Amino acid sequence: MVQLLRTTVAAGAAALLALVATPAGAADTDGLSYPSGTGVGVHNAYEKATFPYFADALDSGAGMLELDVWTNAFGPSWRVSHSNPLGNDNNCENAADAAELRTKSRNRDLGGCLADIRAWHDANPGHRPIVLKMEMKDGFLGQNGRGPAALDALLGAKLGDALYRPADLAGDHADLDEAAQAGAWATRAELAGKFVVELIPGTVEEQNPLDTLWTDVEYATHLRDLKAAGRLPEAAAFPAVHRAAAGDPRTRYKDASIRPWFVFFDGDASAYAAAGFDTAWYARRNYFLLMTDAHNVAPAIDGKNPTEQQARDRLALLAQRHASLISADWHALPTVLSAVVPRATAQQ
């Protein structure tokens, strides 16, 4: 009886805290389609200086967590680190279950990070939808067994039914673009307990003059070909058009057949927020728009430790600029990381 009373009191306190932490007048965003709410993500959430363990990143409330992934041939597996292509340098543990989170040695490969994510997921049913943004630092290396199909297999093996996949959005539509414009996105409530994997080309890949097949093109081609073969459910990730550009940025792809497989767009917030940039274009088409380095939009605020009000004001500003997610390094502001506000409609 005493334990029951304690549990009831604790639950009531948690509910009261949640009410206090919710901004006055905040709209209920659960019924919005996934791209139509604006959330907050954390850049390089795998770094130990950001979160001691990846479980802490998952507990933070953030709507997006970023991983840097290396695929080159000089290591035994997909590696997770910022600048070391040969080894792992991260806060992942390869936990078998929730009881092992925060108990094991760190610096694990991508499979180990995904194991932590699955262990946390199993212990937190119905959690908020979370974008796992993967910067493929040096791109895919299919001839060494680390191409798009291998990534799909790893994601599927580790996360399984916790994934929201391209086929879930596409349904009976011809491609992702048609599905998005038809309003086929699940609502935030329907995506409870799901992870959405976004892929962008990496900094090394983009600066490598010998690399002529970047992650975005390679994975979009993979999606197109899987659809043609009747195997789209095998795909586990969404490629993003990287870096802001005016108009329809997919026109950069010479192969027009892959353009409809991009419904994620990812670039610098300062570029999207610039005068004359028509970000309502993304909202009109129900596309997912991620704005990075949110703190740098004028007037700039601290990239790690702004005041809570400054961060909330920045979230509100970029929601008006039609962002679906904004990202910075605000890991010390959990009430901001867990905030979701409606993004502006296409008419705003």
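Everything discussed here concerns the structure shown above.
The model shown is predicted, which means the values in this text are computed figures rather than measured ones. All residue numbers refer to positions counted from 1 along the written sequence of the respective chain. Restriction of local features to residues with pLDDT of at least 70 applies here, the model being predicted, together with a cutoff of 80 or more for giving and counting side-chain atom pairs; totals for whole chains, interfaces and linings are based on all residues. Just so you know, side-chain values use all the structure's heavy atoms and leave hydrogens and water out.

Q: Kindly report on the overall build of the protein chain, identifying the contributing residues and their values.
A: Regarding its fold elements, the protein chain presents 12 helices and 10 strands. C-alpha atoms define the radius of gyration in this analysis, and the globule rule sets the expected value at 2.2 Å times the number of residues to the power 0.38. Over its C-alpha atoms the protein chain spans a radius of gyration of 20 Å, differing by no more than 12% from the 20 Å that the globule rule assigns to 348 residues. Viewed in the frame of its principal axes, the protein chain has a C-alpha envelope of about 65 × 50 × 40 Å. Partly exposed residues are those whose accessible area sits between 20% and 50% of the maximum for their type, while under 20% is buried and over 50% is exposed, using a 1.4 Å probe and protein chains only. In the protein chain, which comprises 348 residues, the proportion classed as buried is 52%. Here, two residues are considered to be in contact whenever any of their heavy atoms come within 4.5 Å of each other. Within the protein chain, residue pairs in contact and separated by at least 24 positions form 68% of the contacts whose partners lie at least 6 positions apart. Here, Shrake-Rupley sampling with a 1.4 Å probe gives the accessible areas, and only protein chains in the shown set may cover a residue. When the accessible surface of the protein chain is totalled, it reaches about 14500 Å², and 55% of it is carbon and sulfur. Mean positive and mean negative side-chain charge positions of the protein chain (31 and 42 charges, respectively) differ by 1 Å. Working definition: helices are DSSP H or I runs of at least four residues, strands are E runs of at least two. Numbering for both runs from the N terminus. Only four residue types enter the tally: Lys and Arg on the positive side, Asp and Glu on the negative side; His and the chain ends are excluded. Working definition for charges: the position is that of NZ of Lys, CZ of Arg, CG of Asp or CD of Glu.

Q: Go over the packing of helix α3 (residues 110-123) against helix α4 (residues 148-159) with me, naming the residues and quoting the values.
A: Each pair of packed helices can be summarised by the angle the axes make with each other and by the distance between the axes. Axis definition: a line fitted to C-alpha atoms, over the contacting stretch in the case of helices. Angles run 0 to 180 degrees between N-to-C directions. Relative to each other, α3 and α4 sit at 30 degrees, their axes nearing to 9 Å. For the crossing formed where α3 meets α4, the hand is right-handed. The residues of α4 that touch α3, namely those facing L110, G111, L114, I117 and R118, are L151, L154, L155, K158 and L159. The hand of a helix crossing depends on one turn: near helix anticlockwise from the far one by less than a right angle means left-handed, and clockwise means right-handed.

Q: For unusual backbone geometry, give the residues involved together with the corresponding values.
A: Generally, phi is negative for residues other than glycine and the peptide bonds are trans, each holding for most cases. The peptide bond linking A298 to P299 adopts the cis configuration, its omega dihedral lying at -5 degrees. For P299, the location among the structural elements is in the loop between β8 (288-292) and α11 (308-320). Even without a glycine there, the phi angle at N107 is positive, about 65 degrees. Summarising the element assignment, N107 is placed in the loop between β3 (79-80) and α3. Residue class for N107 comes out partly exposed when judged on its relative accessible area of 35%.

Q: Go over the pairing of β8 with me, naming the residues and quoting the values.
A: Among the 5 residues that make up β8, 5 are buried, leaving the element largely enclosed by the rest of the structure. The alternating pattern of β8 places F288, L290 and T292 on one face and L289 and M291 on the opposite face, and all of these are buried. Examined bridge by bridge, strand β7 (residues 264-268) and β8 share 5 bridges and lie parallel to one another. If you follow G267 over to β8, its bridge partner there is M291. Here 2 bridges tie β8 to strand β9 (residues 325-328), and the two strands are oriented parallel to one another. Across the sheet, M291 pairs through a bridge with I326, a residue of β9. Paired strands are those between which DSSP finds at least two bridges.

Q: Before we move on, can you summarise the environment of A55 with the specific residues and values?
A: Along the chain, A55 falls in helix α2 (residues 54-59). Put simply, A55 and D116 are 61 residues apart on the chain and 6.8 Å apart in space, counted from C-alpha to C-alpha. Apart from the residues within four sequence positions on either side, A55 is in contact with L101, R102 and W120.

Q: I'd like a description of the packing of aromatic side chains, backed by residues and values.
A: For this analysis, a ring pair means two rings from Phe, Tyr or Trp (six-membered ring only for Trp) whose centres lie within 6.5 Å, classed as stacked if their planes differ by under 30 degrees, edge-to-face if by over 60, and tilted for the remaining angles. For the coordinates displayed, the defined rule picks out 18 aromatic pairs. Centre to centre, the rings of F238 and F264 are 5.2 Å apart; their planes meet at 35 degrees, and the pair counts as tilted. Residue F238 is found in strand β6 (residues 238-242), and its partner F264 is found in strand β7; the two are separated by 26 residues along the sequence. Across this residue pair, the class does not change: F238 and F264 are buried. Judged by its relative accessible area of 0%, F264 falls in the buried class. Counting every residue linked through ring pairs, the aromatic cluster contains Y34, Y164, W185, F238, F264 and F288. Lysine NZ or arginine CZ positioned within 6 Å of the ring centre and within 35 degrees of the ring normal marks a charge as sitting over the ring. Between R106 and the ring centre of Y53, over which it is positioned, the NZ or CZ distance is 5.1 Å.

Q: I'd like a description of α3, backed by residues and values.
A: Look at α3: 20 Å from first C-alpha to last across 14 residues, which is about the 20 Å you get at 1.5 Å a residue. Among the 14 residues that make up α3, 11 are buried, leaving the element largely enclosed by the rest of the structure. When α3 is considered as a whole, its buried residues turn out to be L110, G111, G112, C113, L114, A115, D116, I117, A119, W120 and H121. In this structure, the buried residues of α3 make contact with α2, β2 (64-70), β3, β4 (130-136), α4 and β5 (195-201). The backbone nitrogen of G111 has a side-chain oxygen 3.1 Å away, supplied by the residue at the start of α3, namely D109. The span one expects for a helix is its residue count, reduced by one, times 1.5 Å. Whenever two N or O atoms come within 3.5 Å, that pair is a polar contact, provided that in protein one can donate a hydrogen and the other can accept it, and provided that, for residues adjacent in sequence, both atoms are side-chain atoms.

Q: Before we move on, can you summarise the nonpolar core with the specific residues and values?
A: With 95 residues, the main nonpolar core has F54, L110, M134 and W330 as its most contacted residues. Tallying contributions element by element places α3 first for this core, with 6 residues. If near-sequence neighbours (up to four positions away) are discounted, F54 is found in contact with A45, Y46, L65, L67, N91, C92, D116 and I117. In these notes, a set of buried Ala, Val, Leu, Ile, Met, Phe, Trp, Tyr and Cys residues joined through side-chain atoms within 4.5 Å is what counts as a nonpolar core.

Q: Help me get a handle on the packing of α4 against helix α8 (residues 215-228), residues and values and all.
A: At a minimum axis separation of 10 Å, α4 and α8 run at an interaxial angle of 80 degrees. Between α4 and α8, the angle falls in the class roughly perpendicular. On α8, the residues that touch P148, A149 and D152 of α4 are E218, Y219, H222 and L226. Looking at the contact of α4 with α8 residue by residue, the class counts come to 4 nonpolar, 1 polar and 2 charged. Our angle categories are set so that under 35 degrees counts as roughly parallel, over 145 as roughly antiparallel, 65 to 115 as roughly perpendicular, and the remainder as oblique. Residues are sorted three ways: Asp, Glu, Lys and Arg are charged, Ala, Val, Leu, Ile, Met, Phe, Trp, Tyr, Cys and Pro are nonpolar, and all the rest, Gly among them, are polar.

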